[in-house]
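As a plain string of letters, each chain reads:
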Amino acid sequence: MFKFFNNKSLQCNPIIHWLEVLAMMLVLWFLMSGIIHEAKFVLFGIASSIIISLVVSPLFVISGLKTDREYFLLHVNPLKMIIYFAWLVKEIVLSAVEVSKVVIKAEEMNPQLVWFKADFDNPSARSLLANSITLTPGTITVDIFDDGVYSCHCLNENTRDGLVSGVMQNKIAKLFCEEIDYGVVRVISDDSMEGTKYAKLIDKKYKNLGFRVLSEKDEPSFGKVGSKDE
């Protein structure tokens, strides 16, 4: 039913790209102006929407980070997007309650830095994951390396476990119809940072830092997530 909204099926059709942007511009114009009873203003609105959509529609096309594929920003299944954001709101509320308990009870915190690999090809998927992590209380995205390694700060073990479980990464992979290699790269706690070699947060060359992706025996949250056929 929602095949039309699949980001793969329409990724290379500039005419459909333009029509989608034009439809969005027309809807926004009529909603903001509220003028539908005067013909000249309706014609002005249609004409301006056509011109603006012709100019900006190429800006909605973004190149893949690992391949030469091109993605259109509006090609996301709307039903899946609604379901994902509903789940994200739930996670934000639960995490806020958990963090509040830590603050109110004055529990000892154990800040940790976590590196995990989620090598999305679609830049929108990488951006959505980074912002979802930051929006969830107790976790912050510090940096994203060129090869899809995320550097994140976690408040304690609970927030760390929730982050590296791969649930959020899997949901976003399915949302954008991708299959990614997911794995925990390294987790270090605040008291173990001294004398430990860890990634320079301003250095994007992750592959030259000597880290390795942990094996499945080391971390249960390793493997492929998402599906291109989803």
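Calculation criteria
Residues numbered from 1 in each chain as written. Predicted model: local features only at pLDDT ≥ 70, side-chain atom pairs only at ≥ 80, totals over all residues. Heavy atoms only, no water. Phe/Tyr/Trp six-rings, centres within 6.5 Å; stacked < 30°, edge-to-face > 60°. Helix = DSSP H or I, 4+ residues; strand = E, 2+ residues; numbered from the N terminus. Buried < 20%, exposed > 50% of the residue type's maximum accessible area, 1.4 Å probe, protein only. Contact = heavy atoms within 4.5 Å. Disulfide = S-S within 2.5 Å. Core = buried A, V, L, I, M, F, W, Y, C linked by side-chain atoms within 4.5 Å. pLDDT = per-residue confidence, 0-100. Salt bridge = Lys/Arg side-chain N within 4 Å of Asp/Glu carboxyl O. Lys, Arg positive; Asp, Glu negative; His and termini not counted. Polar contact = N/O pair within 3.5 Å; in protein donor to acceptor, adjacent residues only side chain to side chain.

On to the packing of aromatic side chains, then. How two aromatic rings sit relative to each other is set out by the distance from centre to centre and by the angle between their planes. For the coordinates displayed, the defined rule picks out six aromatic pairs. Taking 5.8 Å as the distance between ring centres and 50 degrees as the angle between the ring planes, the aromatic pair formed by Phe-116 and Tyr-182 counts as tilted. Of this pair, Phe-116 sits in strand β3 (residues 112–118) while Tyr-182 is found in strand β6 (residues 179–189), placing the two residues 66 residues apart along the sequence. In this structure, Phe-116 and Tyr-182 share a single accessibility class: buried. Put simply, the rings of Tyr-84, Phe-85 and Trp-87 touch in pairs and so form one group of aromatic residues.

For residues that are not glycine, phi is negative in most cases, and the peptide bond is trans in most cases. Notably, Cys-177 is not glycine yet its phi reads approximately 55 degrees, a positive angle. As for its placement among the helices and strands, Cys-177 is situated in the loop between α6 (167–175) and β6. With relative accessibility at 6%, the residue Cys-177 sits in the buried group.

On to the environment of Met-109. Here Met-109 shows up in the loop between α3 (78–104) and β3. Counting along the chain gives 47 residues from Met-109 to Asn-156, while the straight-line C-alpha distance between them is 5.7 Å. Setting aside residues no more than four positions away along its own chain, Met-109 makes contact with Val-102 and Leu-155.

In this structure the tally under the stated criterion is zero disulfides. For the unlinked cysteine Cys-152, the closest cysteine sulfur is that of Cys-154, found at 6.4 Å. By relative accessible area, which is 0% here, Cys-152 ends up buried.

Another point: the nonpolar core. Membership of the largest hydrophobic core comes to 26 residues, with the highest contact counts inside it found for Phe-116, Phe-120, Leu-129 and Ile-172. Among the secondary structure elements, those contributing two or more residues to this core are α3, β3, α4 (123–135), β5 (149–154), α5 (157–164), α6 and β6. Trp-115, Phe-145, Val-149 and Ile-188 belong to the second-largest nonpolar core, a separate cluster that totals six residues.

Further remarks concern the confidence of the model for the protein. Any residue range with low pLDDT should be treated as having predicted coordinates unsuitable for detailed reading. Confidence in the prediction of the protein, expressed as mean pLDDT, is 77, and 76% of residues score 70 or more. When the elements of the protein are averaged for pLDDT, strand β7 (residues 223–226) gives the smallest value, 54, and α4 the largest, 94. The low-confidence segment residues 1–10, where pLDDT is below 50, has 27 contacts with residues more than four positions distant or belonging to other chains. Ignoring residues within four places in sequence, the model shows residues 192–223, a span with pLDDT below 50, making 60 contacts including any to other chains.

Below, the discussion takes up the pattern of salt bridges. With the rule as written, the count across this model stands at three salt bridges. Two residues, Asp-119 and Lys-66, come together in a salt bridge whose shortest N-O distance is 3.4 Å. In this pair, Asp-119 sits in the loop between β3 and α4 while Lys-66 sits in the loop between β1 (61–63) and β2 (70–72), placing the two residues 53 residues apart along the sequence. With a relative accessible area of 8%, Asp-119 lands in the buried category.

So, about the side chain of Arg-126. Mapped onto the elements, Arg-126 comes out in helix α4. Of the side chains with opposite charge, Asp-119 comes closest to the buried, unpaired Arg-126, at an N-O distance of 6.3 Å. A distance of 2.8 Å separates a polar side-chain atom of Arg-126 from the backbone oxygen of Phe-120. Each residue touching Arg-126, except ones within four places of it in the same chain, is listed here: Leu-65, Lys-66, Ala-118, Asp-119, Phe-120, Ile-144, Phe-145, Asp-146, Asp-147, Gly-148 and Tyr-150.

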